[in-house]
Protein chains: 2
Amino acid sequence: MSLKALFEPRGIVVAGSVSPGKLGSVLIDRLLDGGYQNIFVVNPKGQGYGDIPGFVSAGQISAPVDLVVIVSPSFTVASVLEDCGKAGVKAAVIITSGFAEVGNKDGEAEIIAVAKKYGIRFIGPNCAGMANTDFNLYATLEEKPLPGGISVLSQSGAVGGAVMVASKERGIGISKFLSFGNGSDLEVLELLAYLRDDADTNAIVLYIENIKDGRAFMDVLKSTTAKKPVIVIKSGRTSSGQRATLSHTGSLSGSDQVYSAALAQCGALRVRTLEDAYDLCQGFAVLPQPQGDKVVIVTNSGGPGVMAADQADDEGLAVLEASPALKEELGTFLSPYAGKGNPIDITVEGTGEQYRRALVTALADYDSALAFYIGTPYLKAMPIAEGIVSAAKETGKPIIASLMVGSDMAEALAYLKANNIMYLPDGERAMKVFAKMVQYQTYLADKNEMVAPVAVKANLPGMILEPDAMDLLKENGLPVPAFRFITEKGQLQAAAAEIGYPVVMKVVSPQIIHKSDAKGVYLNLQNIAEVEAAYDTMAAAFADKDFRGVMLYPMVPAGKEIMVGFHQDPQFGPVVLAGLGGIYTEILKDVALAVAPVTPEKAKAMLKTLKCYPLLTGVRGERAIDIAGLAQLIADFSQLPFAYPDLQEADLNPVFADENGVAIVDVRLIRK
Amino acid sequence: MSLKALFEPRGIVVAGSVSPGKLGSVLIDRLLDGGYQNIFVVNPKGQGYGDIPGFVSAGQISAPVDLVVIVSPSFTVASVLEDCGKAGVKAAVIITSGFAEVGNKDGEAEIIAVAKKYGIRFIGPNCAGMANTDFNLYATLEEKPLPGGISVLSQSGAVGGAVMVASKERGIGISKFLSFGNGSDLEVLELLAYLRDDADTNAIVLYIENIKDGRAFMDVLKSTTAKKPVIVIKSGRTSSGQRATLSHTGSLSGSDQVYSAALAQCGALRVRTLEDAYDLCQGFAVLPQPQGDKVVIVTNSGGPGVMAADQADDEGLAVLEASPALKEELGTFLSPYAGKGNPIDITVEGTGEQYRRALVTALADYDSALAFYIGTPYLKAMPIAEGIVSAAKETGKPIIASLMVGSDMAEALAYLKANNIMYLPDGERAMKVFAKMVQYQTYLADKNEMVAPVAVKANLPGMILEPDAMDLLKENGLPVPAFRFITEKGQLQAAAAEIGYPVVMKVVSPQIIHKSDAKGVYLNLQNIAEVEAAYDTMAAAFADKDFRGVMLYPMVPAGKEIMVGFHQDPQFGPVVLAGLGGIYTEILKDVALAVAPVTPEKAKAMLKTLKCYPLLTGVRGERAIDIAGLAQLIADFSQLPFAYPDLQEADLNPVFADENGVAIVDVRLIRK
């Protein structure tokens, strides 16, 4: 469905009072100020505004009108839509509030119904409007943006408005501004898809607080990042309290971490603060894309250079020492007291020409540069700015300038801006920008294959005991050890012999969750006498606990204990999680998660993000584990919630892993 | 020694050329502009500047002059000092560069010698000068600061200059500005002590890149923070490469971490960026001190409120949910759709009066508040500003305002400023400010007892083998198990019987460092036959390895493995370190460190900072260890480098700890 009526209307109706100080008049001023011409007013009095003609009904307007912008009181919105619908209007911006956000769900349902009847697509209600600078269209009460290539899509009108003000202050040009308020028709999915396909949008800033359909969002987001960068600000953990969960997995994966994982899986760049978002916008708007992660710092003051280098390191950029050849080359034109490593400290005596030459020379080896300079109030900063501009032109590589103090700072900064050199007041922020730009390049360079969920296989019974759970894992090709479910003592001898001594015996009872704590597990049983004695003890001990029998397993070599699980996230559905079991997950919260299903490659990438990953690869004499086998297990396991949609949560805890392979030693499957 | 001649000179000589554009003339303009009167010029031509008289020698000046500010070329500085010294000048600000920083060590030695001869105290050379706004004295080429209560002490002139510019932009008033350049006479120790005792200085910003005498610095710093807050920016890890170390301890404690530990031990507030420093300055300059860590967020936009709450949580502030009583009270005047938890979201409809009342009501339960507001470009923000100002006056508690977007933003911000309300453009930064202010209060509330180092006990032999090391630990009251050093097979029977079976045998040889790897350790020897067999095997195996005998120990119950160590930091001397052994320290780098010696209380506090601390207190069925015993061990051990100053590094690795106590199982002592 085309949104042309919204973004490029042939005519606009403003619905609402245009008396002095009323929103209608403010809005028309905005529209006129933006250069839009074909404006009409509709209100009960048919009152116009200046040269803009007023009508009591949109039907009276003879010119074509595609869009209505509504600022009239909430109780009038449905009838305005009805009137405009009859007149052929196909799009609406409903700025008016007073609907679902204050409990008026009926009112909101009514406007949805009317809009549907007439095929009207709308943003709002309770939104801050929209702007399309490429069409001189400013249907918003927020600050008029500068034209440019960044589009802003905001779930919060207030935050969107703040972004408009700040982007103007920083000279960031905007293509589209979209605030969708309650989002009862158009919301993030369709609007993001529109921006994805919009040729005038080069990068997108997305502010979200929550998402209705996480999977559909991921699909649109992924197709968007394939074409242009998407910077996401997602406000943090919900204050609505923690979900009650029964499994480890559930309690270990906060909803905010799931958002982070989902955004990363789609190649979106999550930033933490609005300031970081503005900085990064500016980076994408102004800088050439860094072709790698190697950054060099050219400074005239040692300490701040090192501070920037530290930040670069924290952000995962490569702050490599200058090569001997580079040092030698730098030595030919820098002071003997200059620092020639990285940072390159050209000292307080450094000239603009030295900045230029140091940057040009170093950027032969590096992918991006910070040019940091602190001057004095009685000397000009302009020569430095000129050196930086020359270097940027000569190299075609991204340089961020951090210039401070000078008799001509305003002039020097204006010169940088005129020459498309990004300026930031501190080096740390520059490093964050480079790091995110590199992250985007890295994402694009990877294959990022998503695997499709498998088809539904079966419905599951009400309570899944260990024998059924192990059967299910086995059927799905997961590495379980041999096992036998024993319901009568007489089966023990043959079963234990088949499995091979020594064996492990575990009680099976719907009433016993923590088997070890309940003394429902016997390890290392050496012969039939021990096995039968164990069985007798359990049968007696659990006689009043709905004793269903026992599971027999071989003793599996212990290896490393891994925990793998999944749970259903309310927004994103199945989420898979992995970590080293025990204290690593419990105390150190060292877990990796991803929206399921995942490929074995993604599972490997997840494991690599663990702080304790070195333990899996063999350090200090410890043995490496079968990473490929574990990754395959995680990938296969991540399909289970799709094969068995009744499953709410599952833990494999522990999985034993050593150099020879992986084996699932305990399992819990929990139905919805 | 008084520094009155420097800070409150009766007259000032400017030494250098005053031709147009020369630094002498710039400097005199600064001095005059600041309101200082008694200025004289000395240069070879005796050239004056405007109304300021010129002389060829300071001896010709009849009025009293206490201070010379030198901007003449480096080769003239010694003779200027000589001339001024003869004329009774007692202080100098040597802005001129070209000394040790460019290899001219002789030149620097010469000026030190001349100054000493005449009792002249000086800052510089190669510095950015100083200012004392309380005396209208601006002997600096940097931006003239506003008067106020913050003093700035900077090792880097450039950074100091940048701080001057930024503080002026933010309206932060300065009492003293001090840049000491090469610091060849006055440097951080004496200048910090001066600011400590300066009644006009309420808070100090200190920028350091390195410190010569860490212990002396700590003493001054600690005495300063007892009187006023000290905000420290320390540029990060040195680029001069890692020190080569022989012990675990050395490799685990980077020099930057030692700085962090030392600063925290002295109650200084380390911040990461200049921006954080300015924010915190403003906090100390403007805000009442928070009396606790409970922060409330009042917002009209949900998402940014939650983002600020997340930051508060990360910073260690308590973002407690509103009490039922508070919620009820809020319900009497806020919209039914307002969020009444924490953040308190008064929604877009929120009025200035609602801000006031929500803040006043909530601040009965909380210690500090963020008032966050995003308006619209066509509505005034002033009513909100008025509500916030009223609430701050009514409660006397710290409130930071984050106001964005409004038709009258400039006016609203000016009103906040005029009423001493701190403004920051985002909520995250506000939380950093509150957190550091609380950190300072917490430090002051603690006793922070420092323990004196013990007296030197002895010199140590060249190589310390395990028997000697264990003897030394035992002598110093550290918990070592029983042990016997056996040099002949015949001693085994009696010794093993005394110790009690089963026993452990370890080889003693200066050539064998990694005893386990070399098969030089036998555990769990049950009887004399096993003991003698083990001895024979070792004696044979290590015959060509300078075999000195074996150590016998009892089998110590394993418990948790703790690692405790110390090493000599180049700046701070002995630094003690503790962590759980093995992968916790090796892979997860989970270690706590402090400048030694430490009290048992400090050792306990160190252990609490470990991420794996819960493992020591008993979680998930694991047993707690004897924390008090371990803390005592760390405290006693931290005195060893003082008792035996020959020691360069030491590891106790592992210490076995369980609920019954602690025991040192292996030790390495390394001499300087």
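So, here is what we can say about the structure in this document. (Residues numbered from 1 in each chain as written. Chains lettered and ligands numbered in written order. Predicted model: local features only at pLDDT ≥ 70, side-chain atom pairs only at ≥ 80, totals over all residues. Heavy atoms only, no water.)

Examining the relation of the copies chain A and chain B
So, point 1. Between chain A and chain B, the superposition needs a rotation of 180° and an axial shift of 0.1 Å, giving an RMSD of 0.1 Å. Given the turn and translation reported, the copies of this chain are related as if by a two-fold rotation axis.
So, point 2. By residue overlap, the copies meet face to face through one surface: 100% of the interface positions of chain A are interface positions in chain B. (Least-squares fit on C-alpha atoms with pLDDT ≥ 70 in both. Contact = heavy atoms within 4.5 Å.)

As for the sheet that holds strand 6 (residues 121–123) of chain B
All names here are of chain B.
So, point 1. Spatial ordering of the open sheet is given by 3-2-1-4-5-6, a layout of six strands whose pairing is parallel. The open sheet has two free edges, formed respectively by strand 3 (54–55) and strand 6, since each of these has just one partner strand.
So, point 2. Where strand 1 (residues 12–15) lies against strand 4 (residues 67–70), four bridges are found, and the strand directions are parallel. Each residue of the ladder has a partner; that of Val-14, found in strand 4, is Val-69.
So, point 3. Sheet strands in contact with helix 2 (residues 23–34) are strand 1, strand 2 (39–42) and strand 4, and its direction is about 155° off that of strand 1. (Pairing = 2+ DSSP bridges. Helix = DSSP H or I, 4+ residues; strand = E, 2+ residues; numbered from the N terminus. Axes fitted to C-alpha atoms, helices over the stretch in contact; angles between N-to-C directions.)

A closer look at the nonpolar core
So, point 1. Ranked by internal contacts, the top residues of the largest apolar core, which has 113 residues, are Tyr-584 and Ile-634 of chain A together with Tyr-584 and Ile-634 of chain B.
So, point 2. Setting aside anything within four residues of it in sequence, one finds Ile-634 of chain A in contact with Val-564, Val-576, Ala-578, Val-598, Ala-603 and Leu-607 of chain A.
So, point 3. In terms of nonpolar packing, the next biggest core, distinct from the first, is built from 104 residues, Ala-131, Val-159, Ala-203 and Ala-312 of chain B among them. (Core = buried A, V, L, I, M, F, W, Y, C linked by side-chain atoms within 4.5 Å. Buried < 20%, exposed > 50% of the residue type's maximum accessible area, 1.4 Å probe, protein only.)

Some points on the pairing of strand 12 (residues 230–234) of chain A
All names here are of chain A.
So, point 1. Strand 12 sits mainly inside the fold: five of its five residues count as buried.
So, point 2. Here strand 12 shows a buried face lined by Val-230, Val-232 and Lys-234 and a second buried face lined by Ile-231 and Ile-233.
So, point 3. As paired elements, strand 11 (residues 203–208) and strand 12 share five bridges and run parallel to each other. Each residue of the ladder has a partner; that of Val-205, found in strand 12, is Ile-231.
So, point 4. In the classification by handedness, the crossover that spans strand 11, the intervening helix 7 (residues 214–225) and the parallel strand 12 is right-handed.
So, point 5. Looking at chain direction, strand 12 and strand 13 (residues 269–271) are connected through three bridges and run parallel. What sits directly across from Val-232, in strand 13, is Arg-270. (Right-handed = clockwise from strand over helix to strand, strands pointing away.)

Digging into the sheet that holds strand 23 (residues 549–554) of chain B
Residue and element names in this part refer to chain B.
So, point 1. Strand order in this open sheet of four strands is 20-23-21-22, and the pairing throughout is antiparallel. Each edge of the open sheet carries a strand with a single partner, namely strand 20 (484–486) and strand 22 (521–525). Across the sheet, the mean angle separating the axes of adjacent strands is 25° when strand polarity is ignored.
So, point 2. Where strand 20 meets strand 23, three bridges bridge the pair, whose relative direction is antiparallel. Within strand 23, the residue paired with Arg-484 across the bridge is Leu-552.
So, point 3. Packing against the sheet, helix 18 (residues 492–499) makes contact with strand 20, strand 21 (503–508) and strand 23, and its axis sits at approximately 25° to strand 23.

Structural notes on the side chain of Thr-361 of chain A
Residues and elements named next belong to chain A.
So, point 1. One can find Thr-361 in helix 13 (residues 352–362).
So, point 2. Residue class for Thr-361 comes out buried when judged on its relative accessible area of 15%.
So, point 3. Contacts of Thr-361, omitting those with residues within four sequence positions, involve Leu-326, Glu-329 and Phe-333.

Description of the packing of aromatic side chains
So, point 1. Applying the stated rule across the entire model yields 18 aromatic pairs over all chains.
So, point 2. Pairing Phe-7 of chain A with Tyr-194 of chain A gives two aromatic rings, centres 3.8 Å apart and planes at 5°, and the pair type is stacked. Of this pair, Phe-7 of chain A sits in helix 1 (residues 4–7) while Tyr-194 of chain A sits in helix 6 (residues 188–197), placing them 187 residues apart in sequence.
So, point 3. Aromatic side chains Tyr-535 of chain B and Phe-547 of chain B sit 5.8 Å apart centroid to centroid with 70° between the ring planes, which places their arrangement in the edge-to-face category. Of this pair, Tyr-535 of chain B sits in helix 19 (residues 528–541) while Phe-547 of chain B sits in the loop between helix 19 and strand 23; the two residues are twelve residues apart in sequence, bridging distant segments of the chain.
So, point 4. Judged by its relative accessible area of 7%, Tyr-535 of chain B falls in the buried class.
So, point 5. Over the face of the ring belonging to Tyr-259 of chain A we find Lys-234 of chain A, whose NZ or CZ atom lies 4.3 Å from the ring centre. (Phe/Tyr/Trp six-rings, centres within 6.5 Å; stacked < 30°, edge-to-face > 60°. Lys NZ or Arg CZ within 6 Å of the ring centre and 35° of its normal.)

Focus on the interface of chain A and chain B
So, point 1. Across the contact, 61 residues belong to chain A and 61 residues belong to chain B.
So, point 2. Summing both partners gives a buried area of about 4,800 Å² for chain A against chain B, and 63% of it is carried by carbon and sulfur.
So, point 3. At the junction of chain A and chain B, the tally comes to four salt bridges.
So, point 4. Counting the contacts that link chain A with chain B gives eight residue pairs in polar contact (both at pLDDT 80 or more).
So, point 5. Of all elements in the fold, only helix 2 (23–34), helix 5 (157–169), helix 11 (302–314), helix 16 (427–445), helix 20 (583–586) and helix 22 (614–617) of chain A reach the threshold of two or more residues within the side of chain A that touches chain B.
So, point 6. Taken together, the residues of the side of chain A that touches chain B break down into 28 nonpolar, 14 polar and 19 charged. (Buried area = accessible area lost by both parts, 1.4 Å probe. Salt bridge = Lys/Arg side-chain N within 4 Å of Asp/Glu carboxyl O. Polar contact = N/O pair within 3.5 Å; in protein donor to acceptor, adjacent residues only side chain to side chain. Nonpolar A, V, L, I, M, F, W, Y, C, P; charged D, E, K, R; others polar.)

A closer look at unusual backbone geometry
So, point 1. For the peptide bond that leads from Asn-342 of chain B to Pro-343 of chain B, omega is 10°, which places it in the cis range.
So, point 2. Turning to its location among the elements, Pro-343 of chain B is positioned in the loop between strand 15 (339–340) and strand 16 (344–345).
So, point 3. Cis geometry marks the peptide bond from Ala-596 of chain B to Pro-597 of chain B, where omega comes out at 0°.
So, point 4. Tracing the sequence through the fold places Pro-597 of chain B in the loop between strand 26 (592–595) and helix 21 (600–608).
So, point 5. In this structure, Lys-519 of chain A takes a positive phi of about 60° despite not being glycine.
So, point 6. Its place among the elements puts Lys-519 of chain A in the loop between strand 21 (503–508) and strand 22 (521–525).
So, point 7. Even without being glycine, Asn-524 of chain B reaches a positive phi, approximately 60°.
So, point 8. Positionally, Asn-524 of chain B belongs in strand 22.

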